[in-house]
Amino acid sequence: MAAVARGYRFSVPTDLTALHAADLTIASVPSGHVYVRHLERPDGHGTSRRLPDPDPDDPGRAAQQRWWPPVMLRPQWAQDAEFDVFHVHFGFDACSPADLERLTRVLAARDKRLVLTAHDLRNPHHEDRLLHDAQLDVLMAAADAVVTLTPGAAREIADRWGVAATVLPHPHVVDFATMRRLQQARRSDPRDEFRVGLHLKSLRASMAPLRLLPALAETVATIPGGVLQVNGHRDVLEPTGARRDPALARWLERQAARGRIDLRVHDFLPDDALWEYLAGLDVSVLPYRFGTHSGWLEACRDLGTQVIAPTCGYYAEQGPVLSYQHDEHGFDADSLIAAVHRAHALRRQDHAVPVEDRRRQRQQVAEAQDALYRSVR
């Protein structure tokens, strides 16, 4: 049986009785991340159970909030724990390639299967790619199955490692109830302004906001009702911030004083506040010069916020975006200007993925994920 979701094709078993076999126990690294939680079936009838993340400060108990650095990646934990499949998503940036080699040897000695979901083929937190490449070399060689989110990423994996990756699209990020509420609120709000957002977070290595900001501010200022909202964390933008970027902070402060931007400086936003903020934007601009996939993009699609994404990575394969030329080699301001004007022209359209489509997609991805676990067993 074939299932189709957002243009991606993936397979679940023709004999669905395979999905009702005995439960499998999955050591998912991590299990508490929203992406991983949304691999569970929305009807609650999954055939696999994920172990909770061990607390990094006390591995004998489950973590309530914090999962990083992942205890499950410690070779001793993998040696002692009971599970059927070991599934790596995130967190291995805390491990050296030698650490990962030790982990994979433990799994092989115990005849435990390893699944890797390759979210990032270039780590957005690393200035260069050498360490992440070395980590992926270890995991790709040892994995019994590799999953990724887009066909382009699968092609890159095939080219670089000779591995055939299964493509499963990114599930929703925003919970269904919030998604429905904020989608309905957007449809009932005949907003006159055109609010463009650029979110700096704590300024990952992949971000190059000062490349974009002059052209972005100039362009938004020419659009009737245009507002450029820039959000950033205190650690980057406040005078005493531990990771303050003086040039960026000065530029933003000057533009805010002139009324050219709506500058918001705050700490990490909890989910409820984050979804309200994203739903209040007409468009969100991703300022990345390198990267692979984006959960931020998926949250915007959940809420109906248009996305302007760079041409690096595989963002345009995740769903409909407006692209502009930006990568490690340079930035084309004209392409960004054109994308902003196009977003303004499309602002009255409904850009949200319907909630039931997201629910259906999640069910299909969960079934395909269960089938993959059973295929490696």
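Residues numbered from 1 in each chain as written. Predicted model: local features only at pLDDT ≥ 70, side-chain atom pairs only at ≥ 80, totals over all residues. Heavy atoms only, no water.

**Student:** Explain the sheet that holds strand 7 (residues 85-88) here, please?
**Tutor:** Pairing between the strands of a sheet is mediated by backbone hydrogen bonds and can be parallel or antiparallel. Here 6 strands make up an open sheet; going across it, the order is 4-3-7-8-9-10 and the pairing parallel. Edge positions in the open sheet fall to strand 4 (48-50) and strand 10 (166-167), since each of these has one partner strand only. For strand 3 (residues 24-29) and strand 4, the ladder comprises 3 bridges, and the chain directions are parallel. Its bridge partner being in strand 4, Thr25 is matched across the sheet by Arg49. Contacts from helix 4 (residues 130-142) reach strand 7, strand 8 (113-117) and strand 9 (145-148) within the one sheet, and its direction differs from that of strand 8 by about 130°. (Pairing = 2+ DSSP bridges. Helix = DSSP H or I, 4+ residues; strand = E, 2+ residues; numbered from the N terminus. Contact = heavy atoms within 4.5 Å. Axes fitted to C-alpha atoms, helices over the stretch in contact; angles between N-to-C directions.)

**Student:** What am I meant to see in the side chain of Gln183 here?
**Tutor:** Along the chain, the position of Gln183 falls in helix 6 (residues 176-187). Residue Gln183 is classed as buried on the basis of its relative accessible area of 4%. Not counting the four nearest positions on each side in its chain, Gln183 is found in contact with Asp302, Leu303, Ala352, Val353, Pro354 and Val355. (Buried < 20%, exposed > 50% of the residue type's maximum accessible area, 1.4 Å probe, protein only.)

**Student:** Sorry, what's going on with the confidence of the model for the protein here?
**Tutor:** Caution applies to low-pLDDT regions: their predicted coordinates should not be interpreted in detail. Mean pLDDT over the protein: 92, with 91% of residues reaching 70 or higher. Segment residues 1-20 is flagged for pLDDT under 50; beyond a separation of four residues in sequence, or across chains, it makes 53 contacts in the model. (pLDDT = per-residue confidence, 0-100.)

**Student:** Explain helix 7 (residues 209-221) here, please?
**Tutor:** Three or four residues apart is the spacing at which side chains of an α-helix point the same way, because the helix has 3.6 residues per turn. Relative to the 18 Å expected for 13 residues at 1.5 Å per residue, helix 7 spans 17 Å between its end C-alpha atoms, a close match to the ideal helical length. Turning to helix 7, its buried residues are Pro209, Leu212, Leu213, Ala215, Leu216, Ala217, Thr219 and Val220. (Expected span 1.5 Å × (residues − 1).)

**Student:** Sorry if this is basic, but what is going on with the pairing of strand 8 here?
**Tutor:** Side-chain direction in a regular strand flips from residue to residue, so the side chains alternate between the two faces of the sheet. Within strand 8, 4 of the 5 residues are buried, which leaves the element mostly enclosed by the surrounding structure. Alignment of strand 7 against strand 8, held across 4 bridges, turns out to be parallel. Bridge pairing in strand 8 links Val85 to Arg113. Crossover strand 7 to strand 8 through helix 3 (residues 97-109) is right-handed. Judged from the 3 bridges that link them, strand 8 and strand 9 form a sheet pairing that is parallel. Bridge pairing in strand 9 links Leu116 to Val146. (Right-handed = clockwise from strand over helix to strand, strands pointing away.)

**Student:** Would you mind going over the nonpolar core with me for this structure?
**Tutor:** Buried together is how nonpolar side chains tend to be arranged in soluble globular proteins. Ranked by size, the top nonpolar core spans 56 residues in total, and within it Leu216, Leu228, Leu252, Trp275, Leu278, Val285 and Ile308 carry the most contacts. Residues Leu51, Leu100, Val138 and Ala154 belong to the second largest nonpolar core, which totals 36 residues. (Core = buried A, V, L, I, M, F, W, Y, C linked by side-chain atoms within 4.5 Å.)

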